[in-house]
Amino acid sequence: MTVSTIPLDRTAPVGFSKGPALALIVLLLAAGLPLVTQDSFFIHSAIMVLFFAYMATAWNFLCGYVGQLSLGHAMFSGMGGYVSVLLFTTFGLSPWLGMIVGGLAAAALSVVIGYPTFRLKGPYFTLTTIAFAEIVRIWVENTDTFLGFHIKGAEGLVVPMVGESFAAFQFGGKIPYYYIILGMLALAILATLIMERSKLGYCLKAIRGDRDAAEALGISPTRYTLTAFAISAFMTALGGSFYAQFFRYINPERNMGTELSIDMALMSIIGGQGTAFGPLIGALILTPLAEVTRGYLGGTFLGLHLVIYGIVLMLAVLYFPKGVLEPLKNLAVGLFRRRNPA
Amino acid sequence: MSNHRLQRTTANKSNLLTGALTFGALTFYASFAFAQAAPTVTIGCVLPLSGGSASVGSQTKVGAEIAVDQINREGGIKSMGGAKLNVVFGDSQSKADIGVTETERLVTRENVAALCGAFNSAVTFPATEVAERYKTPWVVVGAVKDEITERNFKYVFRINNKANYDAREQVDAIDLLSKETGKKPKTLGVIYEGTDWGRSHAANIKKFASERGYSVVLDEAAPPNQVDFSNQLLKVRSTKPEALIVAFYTPDHLILSRQLMEQRLDVPFGIHSVGGGTEDPAFYKAVPPRAVGYYFVQEDFQIDITEVTKDPMILEADKRSKEVLGYPMSAYTAQGLSGVYVIKDALERAGSADRTKLRDALAATDIKSGPALATGYQQIKFDEQGQNTHAHGAISQNIEGKRRTVWPAENRAPGVKPSWPVPTWSERPNS
């Protein structure tokens, strides 16, 4: 009835039966968007919404389900971006393959970092992720050349323009990028839905509920959380590669910085972490909010847009501590019941 | 009772939620329906107005606004029947993706005739690409990354220096002062923050120093934001460079300057700072004047421009800057002012806000006087890559508490006599 009575573990039948159908409808609507408008700024903004939704979904895959707060996911994004760009500029390897390599590298890094850190709980885990991400960022900022690759330190990497080419991940207009990130987001949500219903999902939720009890039942927390961490890092790195190809410029400050990590976490938390669609809802609310307030106020009242953004975040956390998805769902269910009194 | 209260809270929550969502949706879509009715010419400026570089961004913004006020007061764009100029700003937050989004917005929503900005190279580089794709001229203000004007773009013009000019200018100044006095340092030291900026500057210094016959006896990187420079100063003491080149931002520069004074460390041919902290008006409020005595400071702005120029617009801009910001015109204010005046000059000649015509007019820019030269250049003229080949920084020396330009010689005010070599601590007054 009220938010507070919803149990922590949400494998509620609502999500189970209607999730995929809902996802399909949303996907079809989104796929039709470029038919309705070709407006460049609108498509660009939509790409940014989908990009952040994707990144938040990748973050949520681990953090939402295990209940650990990572504020270092940007390092995987940066890794994906850097690996794909360097492979493209050095060997001419197509970014499509480069992003897979970057993803695998990020997954490997996540295992190296995750193995020692998952023994830590709560703030200790969070602090460790921040520390690792900052170490990676500072190292990249201060390294010109590594193993013969020109990382160029804080200057960042430029993806040279080679003209429109599918293999080079370069397109004239924005619509191809829109469909690519839409497809990536759909796959990420699908992966989350499958994971929720798989052994991995149940084990993660058991670990989130009570780690010691789960261990007593024979669930290895390290094994399952590491698996989820690796998948999450892999997906995050693909997002980082997408960013690099879309903007054709990356630098450590933006693509590995704490702000990106925080954005990923915020959108999941505001939308509803530990749910397949929460991160999407979070990005759908926060990205346009940031965009509109910045557009209207950013140039005239300096910093006011960030104040408003902050207030919205505070209100969201105060009133919807489990994310906006849950009350939205209740609202929908309530409306449905009012129309069809059973 | 408690049940009732709970229900009411839920109702409030959903009201709040629907309200927020409706408001969000309305404003979001309203922004797309908004179009500029245009008896005026609108230009857009992308700047870091919040985040780490916000201070720089807002100074540039003030400069641009002053220029627009002056132009409109003086009758607008005369060749366009006195059309008024209007400037809209976009906040990049120093982030590439946000700068690009803001550029998209300014071009497609605000229908700007031209763009300017964006200080951060990391923002300017990808954002100018958007401008090029939309065939909208972009006048680069502040960003120094070499490649910005090395991409054969048709719509990108840069008024200010490329990154590698700064080091050359510092060595040029040492050369000039040596030639004028016949006293030449043989050895240089360079200490800098270990970041992209500091390290690339040190590399350039070493390159130019070896070409001009100076030997670099100290090459020392320090991590940013340290609390003590004793270690670095000990190395200065033992290697005894005759001139010391430093590259630090405000917090580090403050500590370094204080410790140099406390230790009374003599460097015969002075401290040569490549801007950073010493460009920041806040820096001078935080150090005792003695600590920065005889400092040489290289920056993209002639610090004593108001003492040498007779241009009423520049003098007025300096006054307005004091009113708005609380300190005289800075490098960033001057760059914002200059950027808008360069666009205004092109609009006058194009006689139209058409982006292609404006681009052609910008390419033909040849400014030799007026407020567009507020940064201290003698001329603004772009090469085929859009780089102003007459861009140069200016190097000032802090003589008797006043920062006076000593390099290049043509920017030096009459009566300004550089102190070379600089007096030792014991020779300085009040010591």
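Calculation rules
Residues numbered from 1 in each chain as written. Chains lettered and ligands numbered in written order. Predicted model: local features only at pLDDT ≥ 70, side-chain atom pairs only at ≥ 80, totals over all residues. Contact = placed C-beta atoms within 7 Å. Helix = DSSP H or I, 4+ residues; strand = E, 2+ residues; numbered from the N terminus. UniProt positions renumbered as here; feature names shortened; annotations may be inferred. Core = buried A, V, L, I, M, F, W, Y, C linked by C-beta atoms within 7 Å. Buried ≥ 20, exposed ≤ 12 C-beta atoms within 10 Å, placed from the backbone. Domains from an automatic or database assignment. Nonpolar A, V, L, I, M, F, W, Y, C, P; charged D, E, K, R; others polar. pLDDT = per-residue confidence, 0-100. Pairing = 2+ DSSP bridges. Axes fitted to C-alpha atoms, helices over the stretch in contact; angles between N-to-C directions.

A. Looking closely at the interface of chain A and chain B. Contacts between chain A and chain B engage 34 residues on the former and 35 residues on the latter. Those elements giving two or more residues to the side of chain A that touches chain B turn out to be helix H2 (40-66), helix H12 (278-298), helix H13 (304-319) and helix H14 (325-339) of chain A. Ranked by residue count, the leading element in the side of chain A that touches chain B is H12 of chain A, at eight residues.

B. Broad picture of the UniProt feature "domain: Leucine-binding protein" (unreviewed entry) in chain B. Residues given the UniProt feature "domain: Leucine-binding protein" (unreviewed entry) here are residues 40-374 of chain B. Helix makes up 46% of residues 40-374 of chain B and strand makes up 16%, while its end C-alpha atoms are separated by 25 Å.

C. Layout of the nonpolar core. Ranked by internal contacts, the top residues of the largest apolar core, which has 208 residues, are Ile-181 of chain A together with Ile-43 of chain B. When residues in this core are grouped by element, the largest group, 20 residues, is from H2 of chain A.

D. Region of interest: the domain arrangement of chain B. All names here are of chain B. Under the domain assignment, chain B is made up of domain 1 (41-161 + 307-381) and domain 2 (165-299 + 394-427). Between the C-alpha centres of domain 1 and domain 2 the distance comes to 31 Å. Each side of the interface is counted separately: domain 1 has eight residues, and domain 2 has nine residues. Here the side of domain 1 that touches domain 2 is composed, by residue class, of three nonpolar, four polar and one charged.

E. Representation of the confidence of the model for chain B. Residues and elements named next belong to chain B. Counting all residues, the mean pLDDT for chain B is 87, and 91% of those residues have values of 70 or more. Low confidence marks residues 1-17, where pLDDT is under 50. Its contacts with residues over four positions away, or in another chain, come to eight contacts. Throughout residues 26-38 the model reports pLDDT below 50, and contacts reaching past four residues in sequence, or to other chains, amount to eleven contacts.

F. Highlighting the sheet that holds strand E8 (residues 243-247) of chain B. Residue and element names in this part refer to chain B. If you trace the seven strands from one edge of the open sheet to the other, you get E7-E6-E8-E9-E10-E13-E14, paired in mixed fashion. Only two strands of the sheet have a single neighbouring strand rather than two, namely strand E7 (215-222) and strand E14 (402-407). Within the sheet, the average angular offset between the axes of one strand and its neighbour, ignoring direction, is 25°. Across two bridges, strand E9 (residues 271-273) lies against strand E10 (residues 296-299) in parallel orientation. Looking at the pairing, His-272 lines up with Phe-296 of E10. Helix-sheet contacts for helix H7 (residues 230-239) involve strand E6 (187-193), E7 and E8, and the interaxial angle to E7 is about 170°.

G. How the structure looks around the UniProt feature "transmembrane region" (unreviewed entry) in chain A. All names here are of chain A. Mapped onto the present numbering, the UniProt feature "transmembrane region" (unreviewed entry) falls on residues 20-36, 42-62, 69-90, 96-115, 177-195, 224-244, 264-289 and 301-320. End-to-end, the C-alpha atoms of residues 96-115 are 29 Å apart, and along that stretch the chain is 100% helix and 0% strand. Taken as a whole, residues 224-244 contains 100% helix and 0% strand, while its terminal C-alpha atoms sit 30 Å from one another.

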